[in-house]
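Remarks on the overall topology
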Amino acid sequence: MQQANQQTKRTIHQATYSLLKRLSEQMEPVSKLAANSDGPDQPHPMDTVIELLRQTVGGIEQIRTRLENLESRLDEPAATTAPKNG
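Conventions we followed
- Residues numbered from 1 in each chain as written.
- Predicted model: local features only at pLDDT ≥ 70, side-chain atom pairs only at ≥ 80, totals over all residues.
- Heavy atoms only, no water.
- Helix = DSSP H or I, 4+ residues; strand = E, 2+ residues; numbered from the N terminus.
- Buried < 20%, exposed > 50% of the residue type's maximum accessible area, 1.4 Å probe, protein only.
- Areas by Shrake-Rupley, 256 points an atom, 1.4 Å probe, with all protein chains shown as cover.
- pLDDT = per-residue confidence, 0-100.
- Salt bridge = Lys/Arg side-chain N within 4 Å of Asp/Glu carboxyl O.
- Patch = residues over 30% accessible without salt bridge, like charges linked within 9 Å, V, L, I, M, F, W, Y side chains within 5 Å.
- Axes fitted to C-alpha atoms, helices over the stretch in contact; angles between N-to-C directions.
- Parallel < 35°, antiparallel > 145°, perpendicular 65-115°, else oblique.
- Left-handed = near helix turned anticlockwise from the far one by under 90°.
- Contact = heavy atoms within 4.5 Å.

With respect to the overall build of the protein
If you tally the helices and strands in the protein, you get five helices and zero strands. Evaluated residue by residue, the protein yields a buried proportion of 5% over its 86 residues. Of the roughly 7700 Å² of accessible surface on the protein, a fraction of 55% belongs to carbon and sulfur atoms.

This is the structure:
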């Protein structure tokens, strides 16, 4: 039973990979996006895709950093003794 629970829990890396894989499957080819570009006053679709990917990577990096900070705080002695004394 415990093994089944451990198998269902995904790491942040697995969740990120799954999300990016689904995103890439749903995206149209960039050449098709570029062909549908309306005019010169509109941003180029490739620039939009690149910016979205930058934001995604930045968000993933922020989540990773915050999880690492949380993990280090949970390793502090005060974090482990407080629930016992509470």
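Some details on the confidence of the model for the protein
Looking at the protein, pLDDT values average 75 and 70% of them are 70 or higher. Within the protein, the element-level pLDDT minimum falls on helix α1 (residues 2-8), averaging 58, and the maximum on helix α4 (residues 45-74), averaging 85.

Description of the pattern of salt bridges
For the structure shown, the criterion picks out three salt bridges. Residues joined in a network through salt bridges with shared partners are E61, R64 and E68.

Focus: a nonpolar patch on the surface
Where nonpolar side chains cluster on the molecular surface, the patch consists of I12, I63, L67, L70 and L74 and spans about 420 Å² of accessible area. Among the elements that make up the nonpolar patch, the one with the highest residue count is α4 (four residues). Note that L67 resides in helix α4.

Details of the packing of helix α2 (residues 12-26) against α4
Taken N-terminus to C-terminus, the directions of α2 and α4 make an angle of 165 degrees; their axes are 12 Å apart at the nearest point. Classified by the interaxial angle, the pair formed by α2 and α4 is roughly antiparallel. Crossing hand, α2 versus α4: right-handed. Taking contact as the criterion, the partners of I12, T16 and L20 in α2 are, on α4, T56, I60, I63 and L67.

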